[in-house]
Amino acid sequence: MTDKSSVIPKIIEGIQERKGRGITVIDLSEVENSGVDSFVICQGTSPTHVAAVADSIREHLHEKYGIKPYNYDGYRNAQWIVIDYGPTLVHVFTPENRLLYNLEELWSDGKISTVPDLD
């Protein structure tokens, strides 16, 4: 695969191509037993938009950089789609589910940074 420092900006590009919003990166590399090095979290406005953002991430990384995810899940309801890039997991939520699961609070012991929305 690729290291986290180079895959995260590529994931963000894919999110922004479909106007995904509220991008947050959580660095978990120093959190014991986290299982991954980082989360990239964002949201779409509806299940259709969530699926489009997730598709954009996967297509962007594969077509432009030759990077395929190990796995992905959540397309059936498209309320929360997770894409596994090994050390980095991408979470694409509807706004309601993002608030419900509140990963930023759950993983607040990691280093959290936000990416401004493109307008």
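Residues numbered from 1 in each chain as written. Predicted model: local features only at pLDDT ≥ 70, side-chain atom pairs only at ≥ 80, totals over all residues. Heavy atoms only, no water.

> Looking at this model, I keep getting lost on the side chain of Ser34. Mind explaining?
Following the sequence through the fold, Ser34 ends up in the loop between strand 1 (21–27) and strand 2 (38–43). Of note is the side chain of Ser34, whose polar atom sits 2.7 Å from the backbone oxygen of Val36. Each residue touching Ser34, except ones within four places of it in the same chain, is listed here: Leu28 and Trp107. (Helix = DSSP H or I, 4+ residues; strand = E, 2+ residues; numbered from the N terminus. Polar contact = N/O pair within 3.5 Å; in protein donor to acceptor, adjacent residues only side chain to side chain. Contact = heavy atoms within 4.5 Å.)

> I'm lost on the packing of aromatic side chains in this one. Help?
A ring pair, where both rings are aromatic, is described by two values, the distance of the centres and the angle of the planes. Applying the stated criterion across every chain, the model contains five aromatic pairs. Relative to Tyr101, the ring of Trp80 lies with its centre 4.6 Å away and its plane at 45 degrees, an arrangement referred to as tilted. Note that Trp80 is positioned in strand 4 (residues 80–85) and Tyr101 in helix 3 (residues 95–101), a separation of 21 residues in sequence. Within the aromatic cluster, the residues linked to one another by ring pairs are Trp80, Phe93 and Tyr101. Directly above the aromatic system of Tyr65 lies the positively charged group of Lys10, at a separation of 4.7 Å from the ring centroid. Between the NZ or CZ atom of Arg58 and the centre of the ring of Tyr72, over which it lies, the distance is 3.8 Å. (Phe/Tyr/Trp six-rings, centres within 6.5 Å; stacked < 30°, edge-to-face > 60°. Lys NZ or Arg CZ within 6 Å of the ring centre and 35° of its normal.)

> Would you take a moment to explain the side chain of Thr94 for this structure?
Note that Thr94 resides in the loop between strand 5 (88–93) and helix 3. Taking relative accessible area as the criterion, Thr94 reaches 1% and is therefore assigned buried. A distance of 3.0 Å separates the side chain of Thr94 from the side chain of Asn97, its partner in a polar contact. Every residue in contact with Thr94, bar those within four places of it in the chain, is listed here: Gly44, Ser46, Pro47, Val50, Ala78 and Gln79. (Buried < 20%, exposed > 50% of the residue type's maximum accessible area, 1.4 Å probe, protein only.)

> Explain unusual backbone geometry here, please?
For residues other than glycine, phi is negative in most cases, and the peptide bonds are mostly trans. A positive phi angle, near 60 degrees, is found at Asn33, a position not held by glycine. Given the relative accessible area of 77%, Asn33 is considered exposed.

> Explanation requested: the pairing of strand 4 in the structure shown.
Regular strands place their side chains on alternate faces of the sheet. Judged by which residues are buried, strand 4 turns out to be one-sided: Ile81, Ile83 and Tyr85 face inward and are buried, whereas Trp80, Val82 and Asp84, on the alternate face, are not. Hairpin connection of strand 3 (residues 71–73) to strand 4: six residues between the antiparallel strands, including Gly74 at a positive phi of 115 degrees. The sheet contact formed by strand 4 and strand 5 spans six bridges and is antiparallel. Counterpart to Ile83 in the pairing with strand 5 is Val90. (Pairing = 2+ DSSP bridges.)

> What am I meant to see in the pattern of salt bridges here?
One side chain can pair with another of opposite charge once the charged atoms of both are near each other. If you walk through the whole model with that rule in mind, you get three salt bridges. A salt bridge links Asp55 to Arg58; the shortest N-O distance between them is 3.3 Å. A residue pair is termed a helical-turn pair when its members lie 3 or 4 positions apart in one helix, as Asp55 and Arg58 do in helix 2 (residues 47–65) at three residues. Its relative accessible area of 28% is what places Asp55 among the partly exposed residues. Residue Glu104 is joined to Arg98 by a salt bridge in which the shortest nitrogen-to-oxygen separation is 2.5 Å. Neither Glu104 nor Arg98 differs from the other in exposure class; each is buried. (Salt bridge = Lys/Arg side-chain N within 4 Å of Asp/Glu carboxyl O.)

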